[in-house]
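# Geometric and topological summary
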Amino acid sequence: HYTLFDRSWYGRVLVERVRGFAQAPDWQRAYDEIHEFERQLAEHRVIVAKFWLAVSREEQLERFAERDRNPLKRFKVDPEDWANRKHWAAYQRAAQDMVARTDTRHAPWTIVPADDKRRARLTVLRTLGDRVEAAIDLAGVVSHVTLVEYDAQLRADAVLTRKLHSLPNVTVIT
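Residues numbered from 1 in each chain as written. Predicted model: local features only at pLDDT ≥ 70, side-chain atom pairs only at ≥ 80, totals over all residues. Heavy atoms only, no water.

### A few points about the overall build of the protein
Per the secondary structure count, the protein includes seven helices and four strands. Taken across its 174 residues, the protein has 25% of its residues classed as buried. When contacts within the protein are restricted to residue pairs at least 6 apart in sequence, long-range pairs at least 24 apart make up 67% of them. When the accessible area of the protein is evaluated, it comes to approximately 11800 Å², of which 54% is carbon and sulfur surface. (Helix = DSSP H or I, 4+ residues; strand = E, 2+ residues; numbered from the N terminus. Buried < 20%, exposed > 50% of the residue type's maximum accessible area, 1.4 Å probe, protein only. Contact = heavy atoms within 4.5 Å. Areas by Shrake-Rupley, 256 points an atom, 1.4 Å probe, with all protein chains shown as cover.)

### Looking at the side chain of Arg63
With respect to the element layout, Arg63 can be found in helix α3 (residues 57-69). Side-chain polar atoms of Arg63 contact the backbone oxygen of Asp115, separated by 3.1 Å. Setting aside chain neighbours within four positions, we find Arg63 in contact with Val55, Ala114, Asp115, Asp116 and Lys117. (Polar contact = N/O pair within 3.5 Å; in protein donor to acceptor, adjacent residues only side chain to side chain.)

### Considerations on α3
In a regular helix each residue adds 1.5 Å, so 13 residues correspond to 18 Å; α3 covers 18 Å between its end C-alpha atoms and thus fits that length. Among all positions of α3, only Glu59, Gln60, Arg63, Phe64 and Arg67 are buried. Along α3, the residues classed as buried sweep out an arc of 135° about the axis, all on the same side. α3 presents Glu58, Glu62 and Arg69 as exposed residues on the side facing more than 90 degrees away from its buried surface. (Expected span 1.5 Å × (residues − 1). Arc of directions from axis to C-beta.)

### Some thoughts on the side chain of Thr104
If you trace the backbone, Thr104 turns up in the loop between α5 (88-102) and β3 (109-113). With a relative accessible area of 16%, Thr104 lands in the buried category. Within the structure, the side chain of Thr104 is placed 3.0 Å from the backbone nitrogen of Ala107, a separation counted as a polar contact.

Take a look at the structure:
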């Protein structure tokens, strides 16, 4: 079984903290809740691979503007996204705290420079493949398994799409 979480349980220590939707004791308590949840996942042999896709402020502005211009991508950005840009520095501080306080042996963060989308996707794929391979090796099931094969950077998107669609139990939670 595979489950992909997208921003799921980190909202309290990011958005709710920065925008004041949660009081300090509540978002600070969330760190303990995150640790406990991720510990339980790892205890049940779930591979927890966390990725922070670090996009520069300039690149984010360019992507937002492109999405606003393109009717097929307009749904990807809303007024709240634009409003949150005013809080860039606060989000950066909150993200740094989040990574520092939730990076553990059983649930490590991988910080991915993401201004270049294709390179970022390759980094995520390689890291995820390495983590799964290491878990398989630790379990003594199979050694030297390559879970994601690709020949060039330009093929990464197609490979990921095929792999995800071929998995029998994929759940994407956004």
